[in-house]
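# Report on the structure
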Amino acid sequence: MITEYIWLVIALPLAGAVFLHFFGRFLKAPLPGVVASLAIAGAFAVALVATLPFLQGTDHGQGILLWEWMPAIGANLEILWDPLAALMTLVVTGVGALIHAFAIGYMHGDDRFHRFFTYLNLFAASMLTLVLAGNFAMLFLGWELVGLCSYLLIGFWFTGESAAGAAKKAFVVNRIGDLGMLVAMMILFAVFGTLSMEGIFGEASQLGAGLATAVGLLLLLGAAGKSAQIPLYVWLPDAMEGPTPVSALIHAATMVTAGVYLIARSAPIIELSTTAQVTIATVGAATAIWAATIALAQRDIKKVLAYSTVSQLGYMFMAVGATAYVAGIFHLMTHAFFKALLFLGAGAVIHALNDEQDMRKMGGLFKKMPVTAVTMGIATLAISGIPPLAGFWSKDEILGSLFNRGGWFSVLWLVGLITAFITAFYMTRQWVLVFLGEPRWADDAHPHEGPRVMTVPLVVLAVLTMVGGLVNTPLRFTLEHFLEPAFEGVRVLHPPAGWLMFAVLAGISVLAGVGGIGAAYLAYNRPKEDWERFESGFGRVWGLWEDAYGVDDIYGTTLVAPGLKLAEKAAFKVDLPAIDGAVNGLGFLVRRAGQGMRVFQTGQVRNYAAFLMVATLLLMIWMVVGG
Amino acid sequence: MLTWLILLPVLGAIIVALVPARRKELHLPLGVVISIAPLALAGYLFWAFRPTAGFQFSETAIWYENWGVGWRLGVDGISLPMILLTALLVPISLGASTSIEKGAKGFVVFVLLLEAGMFGSFLALDLFLFFIFFEAVLIPMYFIIGLWGSERRVYAATKFFIYTAFGSALMLGGIIALAFFQRDTGTPSLALIDLMQVGLSQGQERWLFAVFALAFAIKVPLFPFHTWLPDAHTEAPTAGSVLLAGVMLKLGTYGLMRFNLLLFPQASVDAVWIMGSLAVIGIVYGALVAIVQPDLKRLVAYSSVSHLGFIVLGTFALTTGSMQGAVIQNFNHGLTTGALFLLVGMIYERRHTKQIGELEGLQKVMPMLAGFFLFMALASIGLPGLNGFVGEFLVLVGSYLTLPALTIVAASGVVLAAIYMLWAYQRVFTGVPVHEENRSLTDLTPREIGLLAPLAALVLVIGLYPNLLLDKIGPSVDVTLRYVDVATDYDPPTFGYSVRVGGEAVGNR
Amino acid sequence: MVDPGWYMALAASLFGIGAVGLLMRRSVLVMFMCIELMLNAVNLTLISAGRAMNDINGQVAVFFILVVAAAEVVVGLAIIVSIFRLRSTASVDDLGEMQG
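Residues numbered from 1 in each chain as written. Chains lettered and ligands numbered in written order. Predicted model: local features only at pLDDT ≥ 70, side-chain atom pairs only at ≥ 80, totals over all residues.

## Concerning the overall build of chain A
Along chain A, the regular secondary structure elements total 25 helices and four strands. If one aligns the C-alpha atoms of chain A with their principal axes, the spans along those axes are about 120 × 60 × 55 Å. Here chain A, with 627 residues, has 57% of them falling under the buried criterion. Within chain A, contacts between residues at least 6 apart in sequence are counted, and of these 82% link residues at least 24 apart. (Helix = DSSP H or I, 4+ residues; strand = E, 2+ residues; numbered from the N terminus. Buried ≥ 20, exposed ≤ 12 C-beta atoms within 10 Å, placed from the backbone. Contact = placed C-beta atoms within 7 Å.)

## Focus on the overall build of chain B
In terms of regular secondary structure, chain B is built from 23 helices and two strands. A globule of 509 residues ought to have a C-alpha radius of gyration of about 23 Å, and chain B, at 22 Å, matches this closely. Here the C-alpha coordinates of chain B stretch approximately 70 × 55 × 40 Å along the principal axes. Scored against the burial criterion, the 509 residues of chain B give a buried share of 61%. Looking at chain B alone, contacts between residues at least 24 apart form 79% of all its contacts between residues at least 6 apart. (Rg over C-alpha atoms; globule rule 2.2 N^0.38 Å.)

## Let's talk about unusual backbone geometry
Residues and elements named next belong to chain A. The omega angle of the peptide bond from Ile-230 to Pro-231 is 5 degrees, so this bond is cis rather than trans. Inspection of the secondary structure puts Pro-231 in the loop between helix H8 (209-226) and helix H9 (235-238). A cis amide bond links Pro-387 to the next residue, Pro-388, at an omega of 0 degrees. Counting through the fold element by element, Pro-388 comes out in the loop between helix H16 (370-383) and helix H17 (390-405). We note that Tyr-549 has phi near 60 degrees; this positive angle belongs to a residue other than glycine. Within the secondary structure, Tyr-549 sits in the loop between helix H23 (540-546) and helix H24 (551-597).

## Overview of the interface of chain A and chain C
The partner chain C presents nine residues to the ten residues of chain A that form the contact. Counted by class, the side of chain A that touches chain C contains four nonpolar, four polar and two charged residues. (Nonpolar A, V, L, I, M, F, W, Y, C, P; charged D, E, K, R; others polar.)

## Considering H8 of chain A
Residue and element names in this part refer to chain A. With 18 residues, H8 extends 26 Å between its outermost C-alpha atoms, agreeing within 8% with the 26 Å of an ideal straight helix rising 1.5 Å per residue. Counted residue by residue, H8 has 13 buried out of 18 residues, so it is predominantly covered. A positive phi of about 55 degrees marks Ala-228, the residue just after H8. (Expected span 1.5 Å × (residues − 1).)

## So, the arrangement of the chains
The top pair by number of contacts, from a total of two pairs of chains in contact, is chains A and B. Spatially, chain B and chain C are disjoint, and the shortest separation between their C-alpha atoms is 21 Å.

## Let's talk about the interface of chain B and chain A
Each side of the interface is counted separately: chain B has 48 residues, and chain A has 44 residues. Broken down by secondary-structure element, the contributors of at least two residues to the side of chain B that touches chain A are helix H13 (272-291), helix H15 (320-351), helix H16 (362-365), helix H18 (387-402), helix H19 (404-429) and helix H23 (497-502) of chain B. The element contributing the most residues to the side of chain B that touches chain A is H19 of chain B, with eleven residues. Of the residues in the side of chain B that touches chain A, the class split is 30 nonpolar, 17 polar and one charged.

## Topic: the confidence of the model for chain B
Residue and element names in this part refer to chain B. Put simply, chain B has an average pLDDT of 89, and 97% of its residues get 70 or more. Within the model, the stretch residues 498-509 combines pLDDT values under 50 with 14 contacts to residues more than four positions away or in other chains. Of the two predicted TM-score estimates for the complex, the pTM is 0.89 and the ipTM is 0.91. (pLDDT = per-residue confidence, 0-100.)

## Let's talk about the packing of H13 of chain B against H19 of chain B
All names here are of chain B. For the pair H13 and H19, the least separation of the axes is 8 Å and the interaxial angle reads 20 degrees. Considered as vectors, H13 and H19 are oriented roughly parallel to each other. Our pair here, H13 against H19, has a crossing hand that is left-handed. Residue-level inspection shows Gly-276, Ser-277, Val-280, Ile-283, Val-284, Ala-287, Leu-288, Ala-290 and Ile-291 of H13 in contact with H19, the latter providing Leu-406, Val-409, Ala-410, Ser-412, Gly-413, Leu-416, Ala-417, Ile-419, Tyr-420 and Trp-423. (Axes fitted to C-alpha atoms, helices over the stretch in contact; angles between N-to-C directions. Parallel < 35°, antiparallel > 145°, perpendicular 65-115°, else oblique. Left-handed = near helix turned anticlockwise from the far one by under 90°.)

## Examining helix H11 (residues 258-265) of chain A
In terms of burial, H11 of chain A is a largely internal element, eight of the eight residues being buried. For H11 of chain A, every residue scored as buried is listed here: Ala-258, Gly-259, Val-260, Tyr-261, Leu-262, Ile-263, Ala-264 and Arg-265 of chain A.

## Some thoughts on the environment of Arg-50 of chain B
Residue and element names in this part refer to chain B. For Arg-50, the position within the fold is in the loop between helix H2 (24-48) and strand E1 (56-64). According to the C-beta neighbour criterion, Arg-50 is exposed, with 9 such atoms within 10 Å. Sequence separation between Arg-50 and Gly-77 is 27 residues; the distance between their C-alpha atoms is 9.2 Å.

## Focus on the packing of H16 of chain A against helix H18 (residues 408-435) of chain A
Residue and element names in this part refer to chain A. In contact at an axis separation of 9 Å, H16 and H18 are set at 170 degrees when each is read in the N-to-C sense. The angle between the axes of H16 and H18 places the two elements in the roughly antiparallel class. Crossing handedness for the pair H16 and H18: left-handed. Each of Ala-373, Met-376, Gly-377, Thr-380 and Ile-383 in H16 lies in contact with H18, whose residues at this interface are Thr-423, Met-427, Thr-428, Trp-431 and Phe-435. When its residues are assigned to classes, the contact of H16 with H18 shows six nonpolar, four polar and no charged.

## So, the environment of Ala-457 of chain B
Relative to the helices and strands, Ala-457 of chain B is located in helix H21 (residues 446-464). Taking C-alpha positions, Ala-457 of chain B is 9.8 Å from Leu-386 of chain B, a pair spaced 71 residues apart along the chain.

## Topic: the pairing of strand E2 (residues 75-81) of chain A
All names here are of chain A. For E2, the tally of buried residues reaches seven of seven residues, placing the bulk of the element in the interior. Alternating residues of E2 divide into Ala-75, Leu-77, Ile-79 and Trp-81 and Asn-76, Glu-78 and Leu-80, and every residue in both groups is buried. Relative to E2, strand E1 (residues 62-70) runs antiparallel, the two sharing seven bridges. If you follow Trp-67 over to E2, its bridge partner there is Leu-77. (Pairing = 2+ DSSP bridges.)

## Overview of the nonpolar core
Membership of the largest hydrophobic core comes to 436 residues, with the highest contact counts inside it found for Met-185, Met-318, Ala-340 and Leu-341 of chain A together with Leu-343 of chain B. The contact partners of Leu-341 of chain A, leaving out residues within four places of it in the chain, are Thr-375, Met-376, Ala-379, Leu-458, Leu-461, Ala-462 and Thr-465 of chain A. (Core = buried A, V, L, I, M, F, W, Y, C linked by C-beta atoms within 7 Å.)

The structure is reproduced here in structure tokens:
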């Protein structure tokens, strides 16, 4: 059976990374990229074959133990190959392979070309470790390794101070989330005596309500770190310092969705706690609208996409929080298609304009780069929720599910709807600013379409963006059916049944999307002075958005600076003077005592002899008289 | 065979001493070659060691019957990793000492004698013998720091010597007291196994526990007895730092596992909270202080304070997972911190500074060194897949059962570790080298790669397949914990719904 | 048989002469001789006490002391000679190196 060789999915990119690490420098420029792309394409092929049994319905998932890791705490390397893992694997390897290919063109000429593909392959292997994990410890292994690869790739151009700082920031912020994961695993082991998912999920009800809430919230903390949710989202915009294919692969399509995957995977635990569900969904909704407003005012083409990613991840959190796991995973998949496409397109634009990222210095690129413009246009429509593109189906399913659950979730539905409007607005703003209007780029730039290796992935992703949503429509819930075994025994929330409800809800959200697109088109398809006046019309609010609400500064003054001060106090006010001072003080006292005794050491033998004799005499007198 | 393990370095030291001082190009290579012999023997020992409980390859020869002291040696799963680590780090640290020019002969002799002393400490099953070795290692280390260190070497060496000797003097008192109590029960003996049989009153046991724990706590070093460590590390030559951090500190944690738990089980159980709290304070405090250290070596030294806190926490949490983690972390910390000190030494040899503020952009000129440094830094901050994670994760998950609140605090050390290590890496290695001194540095030589590669390989192998060690550690840990349970009325924390639902508390850890 | 008291008195006076000499004289050599005097005074008490009590241990102890004293004389004289060579004086007043 192919399932027994499923470890190949991890091993292939890993082997690619190892090979490139040691021998990559001996290969000529495009070759390392080709090797890396083949490795991940091979993983895709294996995953595809291994998914067939699920499609045929002959298999519902199984665990495969690779080897024992830390048996004393039930932490082993075991794979859980079920439809959910299969879907994630296909997304990661499929989109990953396209981005690998794109990067061959994008990174051309970089003197650490092979190193880039080493990291990219290592990332793929780590991400696949994460999604294939059948044990929380192994999931954590992948979880941290993708964080490492993200660190390495954000800081790939390490000579830039900001890149190095952004890399460290990403790692440290993620670590704060990981703390939540660690504590969650401690609790899980204490309750279940194992960290194996099969063992835990089978008996999840043993947790009890209180601990289920605790675990759910701790998992949320971990997920919020990795998936850039409030309050830990601040690392993702900075992460745009990395090369653009990295942003596409790691910070849009795959790694940042790990948090959503984690929550969906832990559905049997989330199931037990309404508090956790409400918190997750609310965090998602808050993040969605918060980041969307920031994205409105960004000038940097990649920053818009970064905040857009944060916002879309918020949608997914709303979904999985509301227990609409399938909707969340569905949106994860479609988002991977169109967001990767948007990032790659942005990369092509940046590449064409000699690394220009400021959208005010773009414009009128439609004629120069038609393929990029059209594909990015499709993606923009998709993310705005225009039917029948992929984003429409998944976003609508999320909103419908929220509406269906009612209560507090209706409020979240409304937030989602407003966010949909804002999303359509800022995405259209971006597309118009980049591709329409007057050319505003520098004179020495000669924008042109990239080579085939860059345009073909764009086209493939555009096709996926167009048809990808059809896997789960009210006509035929293929994905839903496919994922059923993975959510066995878990109540999954659905949109309200019936065509009428569907039509009404879809109509409202399409209206929001179309409204956003239209408004942005009207506002921005005009000369520069006009839309600048439009933006300044918002007054200080626009500045606040542009400055991302100043959260970085707030964190800096309320967390980083006091923390540093505390460390300095500990080191230079406590450790050196107090603790070490006490030790040296003790030594000083001993020496002072010695100083006092010096008078007896005259150096004259006869004095010593006299002391001796007097002492002996006194002793004898004492013995005679006292004894 | 264990006797040979101790004798080989001594014989080697004699051979090196016999080579005339003017043939100074011979001393270091000879030292490296000689120290391969104990490594081979330790390797054989590891291979031949059966994963069962109890001591193996035991040797006994009585020295003086009236006192019951004897040459009693043995190795079990707790000491085996330490033997392997010692045997591995000595040739590597000697190989890294090519910059020692004055008196290389004396240096090699002292390192080899140090090795013998460390082997003896880990192998001794007689308290008198243990004490001799425990003290004997101080002497060569004192000279290594005091003679071959940097500017404030005499201050650091003296502080190190007096501080640790103070602790062990108290322990000597404890050993003598224990010997007298034992004498009342039968034939005098200072063998560990006989001293375990002494029926101590609660007061006696607690006092003796405190005395032993103090000696070991200074050695570990446990907060607040740690201040000799940064000084000693900063001033010591590279080899001294490697062996100090890699092996000598572990004498403290090893002593706690081997002697405190076995000799004073009831007092150990009673002290779980105290030791756990000190350990956790050390974890957080050491990490916090490390963040702002201006000197790379001091930073690594304070990170050791933090990491060793995990080992003490794991030891006194008294669960299978936590103690397995503590034992394997003993080994892991030696690998990663040893390697980090090697790397700092390699930077120092080239640039003649360890000040973080004077270094910048080194990745550009020394990509290989930067790569090794990052690898080891990640291992040390517990990146899964590398060895540091295995130890810390076992400790954390295991300790949670006993000390949930403290362990959650301890886990925050993981975040702080990322901050101090990556911030230091950012400042030293990233950016563009502006200063001429930094721009003209050369990357690692093949010799240096040869020293680091085995450490890196072990870091990776243990990170992914820790069972290599855990298989052999496990039974010894189990038997130690079971002894503590049986000797006291300690009720180990249970876990897992099956145990609770089943009703019968089987002491499942 | 002579009354052991006389021996004791002799030993005491010898010891006293030695002690006073040790404290008063300056020459290292003479001081050394005084120490020997005191030592032998003790030997005398041991022998006479042993004889008086009919116990052989007193004589045994003296043999030990004699042997050790002989070794001590060798070392002590060697030190004195080398001090004299180094300083060309044997007066203790000039030797205050050990002052703390």
